[in-house]
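Analysis of the macromolecular model
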Amino acid sequence: MKTAIIGTGYVGLTTGVALAFLGHEVTCLDVDAHKVEELKKGKSPIYEPHLDDLMKAASQNLRFTVDPVEALKNAEVIFIAVGTPSLPDGNPNLSYLKSAAQSIGHYISSPFVVIVNKSTVPIGSGNWVESLVRDAYRAQNVDKKSEFVVASNPEFLREGSALSDMLYADRVVVGSDETRALDVLRKLYQPLLEQTFEAPSFLPRPEGFRAVHFLTSDLQSAELIKYAANAFLALKISFINEIAELSEKVGADIHHVARGIGLDSRIGNRFLQAGIGWGGSCFGKDTAALISTGKEYGLSMPITQAARDVNARQRARMIEILMNELKILKGRKIGILGLAFKPFTDDLRDAPAYELASKLVERGAKVVGYDPVAMTRAKREWSDLELEYAENAHSVFSEADAVLLVTEWPEFKMLPYSECAKLMKNKFILDGRGQMDKEAMKNAGIKLITLGKSST
Ligand code: UDX
């Protein structure tokens, strides 16, 4: 099918590349000419494992452009995947969505077009997009006739594993008030739903994986599914972090506790990794938006609010523990292992490392950070932050009074800790991700405190 994608951020690009790989003719539209030039050369502007490889495999079906006519003119399905960043009041900024809807209205010309909202938008946005498209379409005053319907198709991609999350999804959720739109989208996703495509060698199909669940609903329900899913995942993490703090007090080990409750299939073992809490572009933004939508209807959302409060507290606790250990932060050298909000991505949005580093700098410490892939971006995006960048993980330990593990890159677990210890001024590691091996630390003579584990 002729498909257009508006916006080549994480969601747009992953969706576009995957659909092209599945055999559709995809044109990705973006206003950023430099980005489009790079994409045309096959270079992905973001770090996402295997995205370059899949782009290459799909290149025959994949175009990039800044020209809305080229992208939208004959499109049968148009995905809107523009950013909806949070405004200071917690509501998402919808200006990019608005201009995307208006260009669609200006340029569509196929007899029947399905406009799919892939961006996370406030509940009810589908109707709003439809009215914007309609107004722009009417304003053209041409005789050609296009019919269009708006649908919602939320994404559930985790950065760092976005491509397998897309190709081997738990489910595809599609909401629309018109069956015709649902039928078009079922057809679009067919190779994925039935898993009839040949799996790329670099993204092998999980064993026994045969089909993807296709869930259809009305527009509002699909929009709410996205928020409810992210809020639930966020509160699962905050819940385990709340229990983790109690574990520290009573001398329990949160990793045993999490395993013990996770083996109950009603609870499930995923998203129970205790630590510094969640960051990233979704959980903070979506929980804020959910609360703000509730407020519009006079509804308080105490559970979602509590998930946010606990998460903020996890970051504050890292500083508290550090102060307790070092007493004075002024003049101390603190190393940070990991800058991005999670491993295998260079995304720095709402990354705990930023907040920690700023608070430490504010208190007079010298902070040195290292991340295997996010340093280039950090230098650019965190130019206001007085953070020194280490050349490798090793150098973070040099003369350090403490090292904080903030992002759980596997390579951080493998460091030669006996050697690292020799470089440290004060042999102390605060593990915010529950990754460090107690025995290895003991053998290296390093004092280790892990969030959620009693430090005795
Ligand atoms: C999330 C959702 O998972 C995805 O479905 C959604 O559409 C976009 O937002 P993402 O933000 O890329 O994806 O990453 P995710 O793997 O969900 O992790 C989010 C944050 O939670 C990270 O900071 C991670 O370190 C943290 N986390 C995750 C935990 O602290 N504990 C866990 O058990 C899991």
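Because the structure is a prediction, the values reported are computed rather than measured.

1. Brief notes about the domain arrangement of the protein chain
With domains assigned, the protein chain is organised as domain 1 (2-217), domain 2 (227-306) and domain 3 (314-450). Computed over C-alpha atoms only, the centres of domain 2 and domain 3 are separated by 24 Å. Contact residues are listed per partner, giving 13 residues for domain 2 and 15 residues for domain 3. Taking both sides of the interface into account, the surface hidden between domain 2 and domain 3 amounts to around 1,200 Å²; carbon and sulfur atoms contribute 49%. Looking at the side of domain 2 facing domain 3, the largest losses of area belong to Ile 276, Gly 280 and Ser 281, adding up to 46% of the total buried there. At the boundary of domain 2 and domain 3, one finds two salt bridges. Close ionic contact of Arg 317 with Glu 248 constitutes a salt bridge, the shortest N to O distance being 2.4 Å. Between domain 2 and domain 3 we count nine residue pairs in polar contact (both at pLDDT 80 or more) in total. Per-element tally for the side of domain 2 that touches domain 3: the top contributor is helix α9 (residues 219-250), with three residues. Grouping the constituent residues of the side of domain 2 that touches domain 3 by class yields three nonpolar, eight polar and two charged.

2. Things to note about the site of the ligand
The full set close to the ligand counts 19 residues, and Glu 159, Gln 273, Cys 282, Phe 341 and Lys 342 are the nearest of them. Within the contact set of the ligand, an oxygen atom lies 3.3 Å away from a backbone nitrogen or oxygen of Leu 272. Between the ligand and Arg 433 there is a distance of 3.1 Å, counted from an oxygen atom to a side-chain nitrogen or oxygen. Coverage of the ligand by the protein amounts to 92% of the 660 Å² it exposes when considered alone. Top contributing element to the shell around the ligand by residue count: α9, with three residues. In the shell around the ligand, the residues fall into nine nonpolar, four polar and six charged.

3. Describing the pairing of strand β5 (residues 112-117)
It is a general feature of regular strands that their side chains alternate between the two faces of the sheet. Most of β5 is tucked away, with six of its six residues classed as buried. Here β5 shows two buried faces, one formed by Phe 112, Val 114 and Val 116 and the other by Val 113, Ile 115 and Asn 117. With helix α5 (residues 95-107) bridging strand β4 (residues 77-80) and the parallel β5, this β-α-β connection has right-handed handedness. As defined by bridge partners, β5 adjoins strand β6 (residues 147-152) across six bridges and the pair is classed as parallel. Opposite Ile 115, over in β6, you have Val 150 as the bridge partner.

4. Side note on the sheet that holds strand β12 (residues 402-405)
Ordered in space as β11-β10-β9-β12-β13-β14, the six strands form an open sheet in which the pairing is parallel. The outermost strands of the open sheet, each flanked by one partner alone, are β11 (387-389) and β14 (447-450). Strand after strand, the sheet turns through a mean of 25° between neighbouring axes, direction not considered. Of the strand pairs in this sheet, strand β9 (residues 333-337) and strand β10 (residues 366-370) are connected by five bridges, and their pairing is parallel.

5. Comments concerning the nonpolar core
Ranked by size, the top nonpolar core spans 56 residues in total, and within it Leu 337, Phe 397, Leu 404 and Tyr 417 carry the most contacts. For this core, the element with the most residues is helix α12 (residues 302-326), which contributes five residues. In this structure, Leu 404 is in contact with Met 318, Leu 322, Ile 334, Gly 335, Ile 336, Leu 337, Leu 356, Leu 360 and Leu 430, ignoring residues within four places of it in sequence. In terms of nonpolar packing, the next biggest core, distinct from the first, is built from 51 residues, Ala 18, Ile 46, Phe 112 and Val 184 among them.

Cut-offs used in this document
Residues numbered from 1 in each chain as written. Predicted model: local features only at pLDDT ≥ 70, side-chain atom pairs only at ≥ 80, totals over all residues. Heavy atoms only, no water. Domains from an automatic or database assignment. Contact = heavy atoms within 4.5 Å. Buried area = accessible area lost by both parts, 1.4 Å probe. Salt bridge = Lys/Arg side-chain N within 4 Å of Asp/Glu carboxyl O. Polar contact = N/O pair within 3.5 Å; in protein donor to acceptor, adjacent residues only side chain to side chain. Helix = DSSP H or I, 4+ residues; strand = E, 2+ residues; numbered from the N terminus. Nonpolar A, V, L, I, M, F, W, Y, C, P; charged D, E, K, R; others polar. Near = heavy atom within 4 Å. Areas by Shrake-Rupley, 256 points an atom, 1.4 Å probe, with all protein chains shown as cover. Buried < 20%, exposed > 50% of the residue type's maximum accessible area, 1.4 Å probe, protein only. Right-handed = clockwise from strand over helix to strand, strands pointing away. Pairing = 2+ DSSP bridges. Axes fitted to C-alpha atoms, helices over the stretch in contact; angles between N-to-C directions. Core = buried A, V, L, I, M, F, W, Y, C linked by side-chain atoms within 4.5 Å.

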